[in-house]
Amino acid sequence: MIDLHLHSTASDGRLSPSLLVKKAAGSNNSCIALTDHDTLSGIAEFMQAGNTAGVTTIPGVELSVEFPRGELHLLAYAFDPETMENTGILRHIRELRHTRNRCIFEIMNKQGIDIDYDSWYTSLDTAVPGRPHIADFLIEKGLAASRREAFDRYLAEGRPFFLPRKNLALEECLSAIKAAGGVSAVAHPLSLQISRGTLSEYIVRWKDEGIDAIESIHPTINRDQSRRLTEEAVKAGLLCSGGSDFHGMPGDQRYFGKTSWRSPIPRDLSVMERILPGA
């Protein structure tokens, strides 16, 4: 079993890093990557659990990067965690997150929702709270029944509590990944708000800019879309990655270790050659 895109309680997932490993331990020759948003706080637990359970565990992270139409998510794999942390890039991203969250809470306070940001933050188990955690707060206040409803009514673009997020430049993030010896991959490229033709141009550009791979398997795309992304990656000289983007949310159509068409994620993804030489 393989899955190169997983989230834990260290960011916005529902399972701890060790429980993700336990879930993978039920399959033979499992290889999984923990790619929490903008934090490495779950990596030590994840790696230790992998050693104990005999599961191949890959340190990872998912970074939010500036993009002309919103933001681009950049996965990083197989880096040295200490070096990555020492680049300072994750600390900078977390500071940007906190600034945005505080502003959202100020808006909510003006709308009559009484909550102190610092009290809310210290009550959480994650160092990188974001809109999903604010959605959980709105659910607790009885203002929404689910995260999806909280986003649709309050937090999505155009809704009353939405604020655009400031992110770092692609070259800054790539520099940090390379300094830590990591491999980079554009996550769920079809989620970018651009045409298919423009995406094709970006795929070529990403190769020139130093990106190593694109995520050609993701729960938001079907088999044909995955095939086309794979073809474009190969043509551009990029590797292919893939994962379930599993968060462990009730009712979420994201299946651990599986594609959107319910097949096991293939172990022969070309990015494996870089993150696990000899795999």
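Conventions used here
Residues numbered from 1 in each chain as written. Predicted model: local features only at pLDDT ≥ 70, side-chain atom pairs only at ≥ 80, totals over all residues. Heavy atoms only, no water. Helix = DSSP H or I, 4+ residues; strand = E, 2+ residues; numbered from the N terminus. Rg over C-alpha atoms; globule rule 2.2 N^0.38 Å. Buried < 20%, exposed > 50% of the residue type's maximum accessible area, 1.4 Å probe, protein only. Contact = heavy atoms within 4.5 Å. Lys, Arg positive; Asp, Glu negative; His and termini not counted. Charge placed at Lys NZ, Arg CZ, Asp CG, Glu CD. Expected span 1.5 Å × (residues − 1). Polar contact = N/O pair within 3.5 Å; in protein donor to acceptor, adjacent residues only side chain to side chain. Pairing = 2+ DSSP bridges. Right-handed = clockwise from strand over helix to strand, strands pointing away.

(A) Local environment of the overall build of the protein. Scanning the protein from N- to C-terminus turns up eleven helices and seven strands. A compact globule built from 279 residues should have a C-alpha radius of gyration of about 19 Å, and the protein, at 18 Å, falls within 12% of that. Structurally, the protein occupies a C-alpha span of about 55 × 45 × 40 Å along its principal axes. Per-residue burial over the protein gives 51% buried out of 279 residues. Considering only intrachain contacts with a sequence separation of at least 6, the fraction spanning at least 24 residues in the protein is 71%. Charge separation in the protein, taken as the distance between the mean sites of 31 positive and 36 negative side-chain charges, equals 5 Å.

(B) Region of interest: helix H4 (residues 89-110). Between its terminal C-alpha atoms H4 stretches 32 Å, which fits the 32 Å expected from 22 residues at 1.5 Å a residue. For H4, every residue scored as buried is listed here: Ile89, Leu90, Ile93, Arg94, Leu96, Arg97, His98, Arg100, Asn101, Ile104, Phe105 and Met108. Downstream of H4 by a residue or two, Gly112 has a phi angle that is positive, lying close to 95°.

(C) Inspection of the side chain of Asp212 at higher detail. With respect to the helices, strands and loops of the structure, Asp212 is situated in the loop between helix H9 (196-209) and strand E6 (213-217). Polar contacts involving the side chain of Asp212 include one to the main-chain amide nitrogen of Ser184, which spans 2.9 Å. Beyond its immediate sequence surroundings of up to four residues, Asp212 is in contact with Lys178, Gly182, Val183, Ser184, Leu238, Leu239 and Arg274.

(D) Representation of the pairing of strand E2 (residues 31-34) in the model. By the alternation rule, side chains of E2 split into Cys31 and Ala33 and Ile32 and Leu34, which are all buried. Pairing between strand E1 (residues 2-6) and E2: three bridges, direction parallel. Along E2, the bridge assignment pairs Leu6 with Leu34. With helix H1 (residues 17-24) bridging E1 and the parallel E2, this β-α-β connection has right-handed handedness. Bridge analysis of E2 against strand E3 (residues 56-67) gives four bridges, and the strand direction is parallel.

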